[in-house]
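Structure assessment
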Amino acid sequence: MGLFDKLAGWLGIKKKEVHVLCLGLDNSGKTTIINKLKPSNAQTQDIVPTIGFSIEKFKTSSLSFTVFDMSGQGRYRNLWEHYYNSDTLRMVVAKEELDTLLNHPDIKRRRMPILFFANKMDLRDALSSVKVSQLLCLENIKDKPWHICASDALKGEGLQEGVDWLQDQIRMMKT
Ligand code: G3D
């Protein structure tokens, strides 16, 4: 049973669908994370990096899962070409994209929970989740509940903590 099926079971959701958008820069690990969260019989072994916007939709018993990509690759193409390996630049781009997202009218007016994965924590030079949180200025998000988890999507570490938090938030929104 995948994590999201378990989540649905805990929530007692049988009919209502919950849409979860997964947003992140290219190569940040979205496909890998989603694959780990899928029901095990739907997991794919070949992870294809995502390009563009909506790239995958799947349903578990009660949750509708939609994967989006907010890479900003058009706007930042020249920068990517020159500094693709610069984590500092990637954090700047991630912050810009996050700010754009939070200011979008459809996002701004809703009190949706936001779960951040500081992924690839297994890498030697990975920033801590506290540092990532500071660089993204997450403390400025006052009108939505948010949470950040360090994760290693290859091993699946940290994903459960995030799903547990999301489960609590969804449960609170339903009461
Ligand atoms: P995307 O969907 O956000 O574009 P992917 O990203 O899920 O395709 O992941 C991009 C690459 O990062 C993949 O490697 C994937 O295996 C790797 N990756 C994802 N999560 C982690 C992690 O937590 N730690 C490490 N070390 N690598 C991770 P390849 O080599 O297939 O391109």
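Report on the accompanying structure.

As for the overall build of the protein
The helix and strand tally for the protein stands at seven helices and five strands. In sequence order, the secondary structure elements of the protein are arranged as α-β-α-β-β-α-α-α-β-α-β-α. Per-residue burial over the protein gives 43% buried out of 175 residues. Summarising the internal contacts of the protein: among those between residues at least 6 apart in sequence, 65% fall at separations of at least 24. Taken as a whole, the protein presents about 10,500 Å² of accessible surface, with 55% of it coming from carbon and sulfur.

Things to note about the site of the ligand
Asn27, Lys30, Thr31, Thr32 and Asp122 are the nearest of the 18 residues found near the ligand. Here an oxygen atom of the ligand and a backbone polar atom of Gly29 are 3.0 Å apart. In this structure, an oxygen atom belonging to the ligand sits 3.0 Å away from a side-chain N or O atom of Lys120. Starting from 660 Å² of accessible surface for the ligand in isolation, the protein chains cover 77%. Here the residues of the shell around the ligand are counted per class, giving six nonpolar, seven polar and five charged.

A look at the packing of aromatic side chains
In this structure the tally under the stated criterion is one aromatic pair. Taking 6.5 Å as the distance between ring centres and 80° as the angle between the ring planes, the aromatic pair formed by Phe116 and Trp146 counts as edge-to-face. Of this pair, Phe116 sits in strand β4 (residues 114–118) while Trp146 sits in strand β5 (residues 146–150), and the two are 30 residues apart along the sequence.

Structural notes on the side chain of Asn119
Along the chain, Asn119 falls in the loop between β4 and α6 (129–135). Under the relative-accessibility criterion, Asn119 is labelled buried at 17%. For Asn119, the side chain forms a polar contact with the main-chain oxygen of Ser28, separated by 3.0 Å. A polar atom in the side chain of Asn119 sits 2.8 Å from the side chain of Ser151. Filtering out sequence-adjacent residues up to four positions away, Asn119 remains in contact with Ser28, Gly29, Ile33, Ser151, Asp152 and Ala153.

Side note on unusual backbone geometry
If you check the backbone angles, Lys120 has positive phi at about 65° while not being a glycine. Structurally, the position occupied by Lys120 is in the loop between β4 and α6. Given the relative accessible area of 30%, Lys120 is considered partly exposed. Despite not being glycine, Cys137 shows a phi value in the positive range, around 55°. For Cys137, the position within the fold is in the loop between α6 and β5.

Digging into the nonpolar core
By size, the foremost hydrophobic cluster in this structure holds 15 residues, and its most contacted members are Leu98, Phe116, Val132, Leu136, Leu138 and Ile148. Only α4 (87–102) and β4 provide two or more residues apiece to this core. No other element matches the six residues that α4 contributes to this core. Not counting chain neighbours up to four residues away, the residues in contact with Phe116 comprise Leu98, Leu136, Leu138, Ile141, Trp146, His147, Ile148 and Cys149.

Each value, and the rule that gives it
- The residue count restarts for each chain, going from 1 along the sequence in the order it is written.
- The predicted origin of the model limits local features to residues at a pLDDT of at least 70 and limits the giving and counting of side-chain atom pairs to 80 or more, whereas totals for whole chains, interfaces and linings rest on all residues.
- Note that the side-chain values use all heavy atoms of the structure and ignore hydrogens as well as water.
- Segments assigned H or I by DSSP are reported as helices when at least four residues long, segments assigned E as strands when at least two residues long, and all are numbered from the N terminus.
- Each residue's exposure class comes from its accessible area (1.4 Å probe, protein chains only) as a fraction of the maximum for that residue type: buried when under 20%, exposed when over 50%, partly exposed otherwise.
- When checking whether two residues touch, look at their non-hydrogen atoms; a contact exists if any pair is within 4.5 Å.
- Surface accessibility in these figures is a Shrake-Rupley result with a 1.4 Å probe; residues are shielded only by whichever protein chains are displayed.
- Definition of nearness: a residue and a molecule or strand are near each other if at least one heavy atom of the residue lies within 4 Å of the molecule or strand.
- We define a polar contact as two N or O atoms separated by no more than 3.5 Å, with the added condition that, inside protein, one atom must be a possible hydrogen donor and the other a possible acceptor, whereas residues neighbouring each other in sequence contribute only through side-chain atom pairs.
- Gly is placed with the polar residues, together with every amino acid not listed as nonpolar (Ala, Val, Leu, Ile, Met, Phe, Trp, Tyr, Cys and Pro) or charged (Asp, Glu, Lys and Arg).
- The criterion for an aromatic pair is that two Phe, Tyr or Trp rings (for Trp, the six-membered ring) have centres within 6.5 Å, with stacked assigned to planes under 30 degrees apart, edge-to-face to planes over 60 apart and tilted to the rest.
- Among buried residues, those of type Ala, Val, Leu, Ile, Met, Phe, Trp, Tyr and Cys that are joined through side-chain atoms within 4.5 Å constitute a nonpolar core.

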